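# Notes for the structure review
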Amino acid sequence: MRASQQQQQDRAPTPGHDLHALDDQPMLDRVFGLAVTPIAYRRWQNFKANKRGYWSLWIFLALFFFSLFAEFVANDRPLMVRYDGAFYFPVLVDYNETTFGGEFDLRADYLDPFVQDLIAEKGWAVWPLVPYSYDTILLDLSAPAPSAPSPQNWLGTDDQARDVTARMIYGFRISVVFGLLLALVSSVIGILSGAVQGYFGGLTDLLFQRFIEIWSGLPSLFILIIMASVITPGFFTLLIILVAFSWTALIGVVRAEFLRARSLDYVKAATALGVSNRKIMFSHMLPNAMVATITMMPFILSGAVTALTGLDFLGFGLPPGSASLGELLKQGKSNLEAPWLGLTGFLSLAVMLSLLVFIGEAVRDAFDPRKLFNGVKAAETAVRDRQATPSEPQQEGVR
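The shown structure was predicted, so the numbers you read here are calculated from the model rather than taken from an experiment. (Residues numbered from 1 in each chain as written. Predicted model: local features only at pLDDT ≥ 70, side-chain atom pairs only at ≥ 80, totals over all residues. Heavy atoms only, no water.)

### Observations concerning the overall build of the protein chain
Condition: Note on conventions: DSSP H or I runs of at least 4 residues are helices, E runs of at least 2 residues are strands, and numbering of each starts at the N terminus. A simple rule labels every residue: compare its accessible area, found with a 1.4 Å probe on the protein chains alone, to the largest value its type can have, and call it buried under 20%, exposed over 50%, or partly exposed in between. Whether two residues are in contact is decided by their heavy atoms: any pair within 4.5 Å suffices. Accessible areas in this description were obtained via Shrake-Rupley with a 1.4 Å probe; residue shielding takes into account the shown protein chains only.
Scanning the protein chain from terminus to terminus reveals 17 helices and five strands. By the burial criterion, 37% of the 399 residues in the protein chain qualify as buried. A fraction of 66% describes how many contacts in the protein chain between residues 6 or more apart in sequence connect residues 24 or more apart. A total accessible area of about 22400 Å² is found for the protein chain, and carbon and sulfur atoms account for 64% of it.

Below you can see the structure in the form of structure tokens.
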């Protein structure tokens, strides 16, 4: 009996504790099941409070995830073929025409009515949602290219008789992937350069600033034109050239943060204790500087997408034939009698950039310590009140 009473007394809440507050606290410090700091959770709540930016993030992620599997959405090959009791996956593996009873030992053209009849005799095929790839040239159009939208081609065809819907899906993926890589690589270089300038200061900062002023004054567009006339620009070639002129975007912000932080007490204390410069810079000072950096990332991404689109529109971007929104806009300019080309490219680019701008505004508000939305403020106040004021049943249990 005494042991059981002692266990009940140990389980009884102590004065000043609120079981409901204790139950709620883990929920407040977790985002998608991951434990986060109270500051990170508050920023996430501020981000969610901005409904336009919050839903823009989910819409953008859904569109990007959809475009990542473009080969399974828009392709001139079936996803799966059942032929003569066996399963084939043309979307993943190349098969010759002889595999399906044809005469030529060449890669099967699944849009050829002859091959389709061979498959239909002994099986069936499952086609993607859009049965054309970005480079598929349609030979059975009912009108000269560029043809108007139809049940066969939802957004029509371009002047090369290629399906616009398929090119828009692939172009969206290339634009986002290129923008992400450009923003990531240029931001890493810019953060490292700004950190070195701001931390060491003095002659190092002076020399870096003079170099950046000279480098920023170079005519990047003319250099791109010269490079395009010398070499055929590809995806990674164009990425390297643009990184060379876009890495200076974050240097000013990071440099200012490091110049401010180098005179603070925690940096002086770490230096007095003999902590290495690298550890002070990247373990102590960089997390504080990342707040201003992260708020600029969505805008840097939108700028990278716009840069690729502009170069493709001018003809100095990706190789001819590549799926690109800029190339689609260029075709719309060249074929004013086909307004669906320009409208498709414009609306795709407008939706993408609008989503990125809305996300950037929400991120900026989330990291602004002066802003606290009503929903977040009410939640924090309720938890604080529950933790400070014990409920009546719990007081009785304590007594």
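### What to know about the environment of G201
When you line up the elements, G201 lands in the loop between α7 (164–200) and α8 (202–216). When the C-alpha atoms of G201 and L259 are compared, they prove to be 7.5 Å apart, with 58 residues separating the residues in sequence. In this structure, G201 is in contact with V196 and R262, ignoring residues within four places of it in sequence.

### Some details on unusual backbone geometry
At the junction of A145 and P146, the peptide bond is cis and its omega measures out at 0 degrees in the coordinates. Looking at where P146 falls in the secondary structure, it is placed in the loop between β5 (123–126) and α7. Of note in the backbone geometry, D84 takes a positive phi value of approximately 55 degrees without being a glycine. For D84, the location among the structural elements is in the loop between β3 (80–83) and β4 (86–88). With a phi angle near 65 degrees, A161 is a residue other than glycine that sits in the positive phi range. By the secondary structure assignment, A161 is in the loop between β5 and α7.

### Here we look at the sheet that holds β4
Defined as follows: Strand pairing is assigned whenever DSSP detects at least two bridges linking the two strands. In this analysis, axes come from line fits to C-alpha atoms, helices being fitted only over the stretch in contact, and the angle between any two N-to-C directions falls in the range 0 to 180 degrees.
Strands sit in the order β4-β3-β5 across an open sheet of three strands; the sheet is antiparallel. Strands at the two margins of the open sheet, each flanked by one partner only, are β4 and β5. For this sheet, the mean angle separating the axes of adjacent strands, direction not counted, is 15 degrees. Where β3 meets β4, three bridges bridge the pair, whose relative direction is antiparallel. Within β4, the position partnered with Y83 by the bridge is A86. Packed onto the sheet, helix α6 (residues 113–122) meets β3 and β5 and runs at close to 120 degrees relative to β5.

### Here we look at the side chain of S67
Checked against the element boundaries, S67 lands in helix α4 (residues 51–68). Setting aside anything within four residues of it in sequence, one finds S67 in contact with I169, F172 and R173.

### Concerning the pattern of salt bridges
Note the threshold: Salt bridge criterion: a side-chain nitrogen from Lys or Arg within 4 Å of a carboxyl oxygen from Asp or Glu.
Taken as a whole and assessed by the stated rule, the structure comprises ten salt bridges. The shortest N-O distance in the salt bridge between E71 and R173 comes to 2.9 Å. Of the two residues, E71 sits in helix α5 (residues 70–73) while R173 sits in helix α7, which places them 102 residues apart along the sequence. Accessibility expressed as a relative area gives 29% for E71, which makes it partly exposed. R260 serves as the salt-bridge partner of E257, at 3.0 Å between the closest nitrogen and oxygen. Separated by three residues within a single helix, E257 and R260 lie in helix α11 (residues 251–261), roughly one turn from each other. Here the residues in one salt-bridge network are D158, R162, R167 and E327, joined through shared partners.

### A short note on the packing of α4 against α7
Where we set the bar: Each angle gets one of four labels, with under 35 degrees taken as roughly parallel, over 145 as roughly antiparallel, 65 to 115 as roughly perpendicular, and the rest as oblique. Take the far helix as the reference: if the near one is turned anticlockwise from it by less than a right angle, the crossing is left-handed, and if turned clockwise, right-handed. Here the nonpolar group is Ala, Val, Leu, Ile, Met, Phe, Trp, Tyr, Cys and Pro; Asp, Glu, Lys and Arg are the charged ones; every other residue, Gly included, is treated as polar.
Where α4 contacts α7, the axes come no closer than 9 Å and their chain directions differ by 110 degrees. Taken together, the axes of α4 and α7 are roughly perpendicular relative to one another. The way α4 lies across α7 gives a crossing that is left-handed. Seen from α4, the contacting residues are F60, L63, F64, F66, S67 and L68; seen from α7, they are I169, F172, R173, V176, V177 and L180. For the contact of α4 with α7, the residue count by class is ten nonpolar, one polar and one charged.

### A closer look at the confidence of the model for the protein chain
The condition that has to hold: Scored between 0 and 100, pLDDT is the confidence that the predictor attaches to each residue.
Of the residues in the protein chain, 85% have a pLDDT of 70 or more, and the chain-wide mean is 82. This model gives residues 1–28 a pLDDT under 50, and the stretch forms 21 contacts once residues within four places in sequence are excluded.

### Comments concerning the pairing of β3
Here β3 shows a buried face lined by V81 and Y83 and an unburied face lined by M80 and R82. By the bridge criterion, four bridges tie β3 to β5 in an arrangement that is antiparallel. Its bridge partner being in β5, Y83 is matched across the sheet by G123.

### Remarks on the environment of W247
Stated formally: Definition of a polar contact: a pair of N or O atoms within 3.5 Å, with one able to donate and the other able to accept a hydrogen when the atoms are protein atoms, and with sequence-neighbouring residues admitted only if both atoms are side-chain atoms.
Structurally, W247 is set in the loop between α10 (235–246) and α11. The buried category is assigned to W247, whose relative accessible area is 10%. Sequence-wise, W247 and S216 are 31 residues apart; in three dimensions their C-alpha atoms are separated by 9.9 Å. Excluding residues within four positions of it along the chain, W247 makes contact with S186, I189, G190, S193, F211, I212 and W215. For W247, the side chain forms a polar contact with the main-chain oxygen of A244, separated by 2.9 Å.

### As for the packing of aromatic side chains
Basically, it comes down to this: Side-chain rings of Phe, Tyr and Trp (the six-membered ring for Trp) are treated as a pair once their centres are within 6.5 Å; stacked means planes under 30 degrees apart, edge-to-face means over 60, and tilted covers the remaining angles.
Summed over all chains, the structure comprises 21 aromatic pairs. Each ring, one from Y54 and one from W55, has its centre 5.5 Å from the other, and the planes form 75 degrees; the classification is edge-to-face. A residue is classified by how much of its surface remains accessible, and Y54, at 14% relative accessible area, is buried. The class of W55 is exposed, set by a relative accessible area of 52%.

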